[in-house]
Each structure stands twice: as structure tokens, then as C-alpha cells.
Amino acid sequence: MDKALALPRIGLALGGGGAKGLAHVVALEAFDQAGIRPVAITGTSIGAIIGGAYAAGYSAKAIRDHMLRLFRDRADVMARLFRSRAGSITDIFSGGLGNAVQMDGESILREFWPASMPEHFSDLRMPFVAVSTDFYGQSEAAVCSGAIRPAVAASLAIPGLVKPVTLNERLHIDGAASNPLPFDRMPVECDLIIAVDVVGGPESKDMLAYPSVLEATLGASQIMQKKITEAKLGMAGSKVHLVQPSVSGFSALDFFAVRKILLAAEPVRNEILALLRQTQAR
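Residues numbered from 1 in each chain as written. Predicted model: local features only at pLDDT ≥ 70, side-chain atom pairs only at ≥ 80, totals over all residues. Heavy atoms only, no water.

Colleague: Any chance you could explain the packing of helix α10 (residues 258-265) against helix α11 (residues 267-281) here in plain terms?
Modeller: Two quantities define a packed helix pair, namely the angle between the helix axes and the distance between the axes. Their axes nearest at 4 Å, the elements α10 and α11 cross at an angle of 45 degrees. Between α10 and α11, the angle falls in the class oblique. Counting all contacts with α10, which are made through Leu263, Ala264 and Ala265, the residues of α11 involved are Pro267, Val268 and Arg269. A per-class count over the contact of α10 with α11 returns five nonpolar, no polar and one charged. (Axes fitted to C-alpha atoms, helices over the stretch in contact; angles between N-to-C directions. Helix = DSSP H or I, 4+ residues; strand = E, 2+ residues; numbered from the N terminus. Parallel < 35°, antiparallel > 145°, perpendicular 65-115°, else oblique. Contact = heavy atoms within 4.5 Å. Nonpolar A, V, L, I, M, F, W, Y, C, P; charged D, E, K, R; others polar.)

Colleague: Before we go on, may I ask you to explain the nonpolar core in this structure?
Modeller: Note on soluble globular proteins: their nonpolar side chains tend to be buried together. Membership of the largest hydrophobic core comes to 68 residues, with the highest contact counts inside it found for Phe31, Ile63, Phe128, Val152, Ile194 and Ile272. Formed by ten residues, the second largest nonpolar core is a distinct cluster that contains Ala40, Met186, Ile193 and Ala195. (Core = buried A, V, L, I, M, F, W, Y, C linked by side-chain atoms within 4.5 Å. Buried < 20%, exposed > 50% of the residue type's maximum accessible area, 1.4 Å probe, protein only.)

Colleague: Explain the pairing of strand β1 (residues 10-14) here, please?
Modeller: Both faces of the sheet carry side chains from a regular strand, because those side chains alternate between them. Along β1, five of the five residues are buried, which leaves the element largely enclosed by surrounding structure. On β1, burial covers both faces: Ile10, Leu12 and Leu14 on one face and Gly11 and Ala13 on the other are all buried. Note on the crossover from β1 through helix α2 (residues 24-34) to strand β2 (residues 40-44): the handedness is right-handed. (Right-handed = clockwise from strand over helix to strand, strands pointing away.)

Colleague: What should I look at first to understand the pairing of strand β3 (residues 128-134) in this one?
Modeller: The element β3 is largely enclosed, with a buried count of seven among its seven residues. Taken together, the four bridges between β2 and β3 define a ladder with parallel strand orientation. When the sheet's bridge partners are listed, isoleucine 41 is paired in β3 with phenylalanine 128. Sheet topology note: the β3/strand β4 (residues 139-143) ladder contains five bridges and is antiparallel. Note on β4: the bridge partner recorded for threonine 133 is glutamate 140. Here β3 hands over to β4 after four residues, with glutamine 138 in that stretch at a positive phi of 55 degrees. (Pairing = 2+ DSSP bridges.)

Colleague: Honestly, the packing of aromatic side chains in this entry has me stumped. Any pointers?
Modeller: Two measures describe an aromatic ring pair: the distance that separates the ring centres and the angle between the ring planes. The full count for this structure, using the stated rule, is five aromatic pairs. Consider the rings of phenylalanine 71 and phenylalanine 256, whose centres lie 6.2 Å apart with planes at 90 degrees: the pair is edge-to-face. In this pair, phenylalanine 71 is assigned in the loop between α4 (60-70) and α5 (74-83) and phenylalanine 256 in the loop between β8 (240-243) and α10, connecting sequence segments 185 residues apart. Judged by its relative accessible area of 28%, phenylalanine 256 falls in the partly exposed class. Centroid distance phenylalanine 121 to phenylalanine 128: 5.8 Å. Interplanar angle 20 degrees. Geometry classified as stacked. Among the aromatic residues, those joined into a ring-pair cluster are Phe71, Phe112, Phe255 and Phe256. Geometry around phenylalanine 256 places arginine 74 over its ring, the cationic atom sitting 4.0 Å from the centre. The ring of phenylalanine 82 is capped by arginine 85, whose NZ or CZ atom sits 3.8 Å from the centre of that ring. (Phe/Tyr/Trp six-rings, centres within 6.5 Å; stacked < 30°, edge-to-face > 60°. Lys NZ or Arg CZ within 6 Å of the ring centre and 35° of its normal.)

Colleague: Help me understand the packing of α2 against α4 in this model?
Modeller: Following both chains from N to C, one finds α2 and α4 inclined at 150 degrees, their axes separated by 8 Å at the closest point. Classed by the angle they form, the pair α2 and α4 counts as roughly antiparallel. Every pair of crossing elements has a handedness; the one defined by α2 and α4 is left-handed. Across the interface between the two elements, Val25, Val26, Leu28, Glu29 and Asp32 from α2 touch Ala60, Ile63, Arg64 and Met67 from α4. Tallied by class, residues from the contact of α2 with α4 come to six nonpolar, no polar and three charged. (Left-handed = near helix turned anticlockwise from the far one by under 90°.)

Colleague: Before we go on, may I ask you to explain α2 in this structure?
Modeller: Because each turn of an α-helix spans 3.6 residues, side chains separated by three or four positions in sequence point in the same direction. Among the eleven residues of α2, eight are classified as buried, and the element is accordingly described as predominantly covered. Of the residues making up α2, those classed as buried are His24, Val25, Val26, Ala27, Leu28, Glu29, Ala30 and Phe31. Contact partners of the buried residues in α2: β1, α3 (46-55), α4, β7 (192-196), α10 and α11. Just downstream of α2, glycine 35 is the residue with a positive phi angle, here 70 degrees.

Spelled out as C-alpha cells, the structure:
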């Protein structure tokens, strides 16, 4: 038998979770350190953003360095976000299709992804699936062909923050609404699937503490996502291995805490390395 064909086929699923998903880079670094490439990557929301860059051929180190450069300058980040608005201030009063508060997902990717990202799925180095939610179809959608940016923009279209995206004549929103951790959307057969869950949930030492409106909205979404993932894991086979970086203490919007998030996620490196080596040794 061809030795290459005998190697274990390992898939990688990266979940949604906003800024906490910056921890996905540590999982990618474990793959690079072990010298193993996933046979496919699936991603939801921030998982699709980082997974798409890795599937394009960027190393985990390159992605880490890119993130550290991006989030060291608060003024620059705010300028990028301002340029990513879906509309102008006048749209609030004119009733236009734009919205000065919402972001445009494709503009976000142009501002925050590496400039040389490929345009199409067919240009990627490995199979990649971006998961979004068909709003009116009330179902998840796994996109793995065509233009990359609209598919990933749809995956990160958080209601109220990022505007919906039209794909294949259907309106799509955030993939976390239907499949926050898409380990069950691998486009190829795998011997092992490593699923990295960064959703977390609302936490407080005071069980009667009132959250802000934003905290309540994000917390409710996190609870929903956790329940969806728990239900899916209950039906998953033994080949799915769940990895949960310790990032629950961070907010979904804590992007400027990138160094702290990466440090908090560091313990999962050895967990993933051990798992990869065990799988290779079988």
C-alpha cells in the first residue's frame, strides 16, 4: 500500500466565538509543529475566517503574526471598521438599504484578511467549508465552491452587527445560528476530526448580576450555540475529539486582548500534539 494513503486522515473543525476564536491559531500551530496537514477544514464565523486563511496556505505563524500586527493599533482597527460600514450615517434617516451601524462582511474581510487571499475555493491548498445559515430556509448551509469572500462573509454575518449576505439567491446569516462547531460538515472522509470549541458562555460570581444589553444579547447567543453543539456531539461518533481552549473569561469582542487569548489557549497545544502523534502511531 502507498504509504501516503496509509497516513491517518485528520479533519479540523473551527467553531464560532468572536474574539475568543483567535485561540484557533494555537490549534493550527500544533498541526504545523507536528508536520501534519488536515485533509480538510470546516469553519463557522471566526472559525471560517481563520480556517480559510490556513486553507489558503498561510502558516499558523503567519496568521499569528498578522493578528498581532492588526490588533496592536486601536486607532487603525477603528479606521478599518469605519471603512467596513454597510452604509453611511445618512442611511439611518433616508431609509436606504445601508445601515451605518452594521458592518459589511466582505469589507471586513478585505480590511482584516491578508491582502493576498485567493478569490475562489478552487485556489485553496486544501478542502475548506464555510458554514452559514439560510435565513428564510431556516437551515444551515455548507459552502465549498465559488467565491470565498461572500461565503465567509455570510458565515460571520452576526445579526445586528454584520449585514446578511446573498448567496445563490438565498439570504444567509451567521453560521453559529445553526451549526456553531461544524465537525459534521467535513467534505471528505476522516479517521479523526479535531473540533475546537471556543463559544464559552456568560459567567459571573454574582448569579444575580444584571448584564448590559450587549452582554445579554451575546450571552443568549452563546447559550444557544452551546446547546446546539452539545446535541450534535451527542450524536457524533468516537472519531470526533472535542478541544476547548480556556477562553471563557474573554468577551466575544475582546479582539485587543489577542495576546492574552493566545496565552490562555496555549495548554491545548500539547493536547492536540499528543492526539496527532497518537493517531499517527496507530
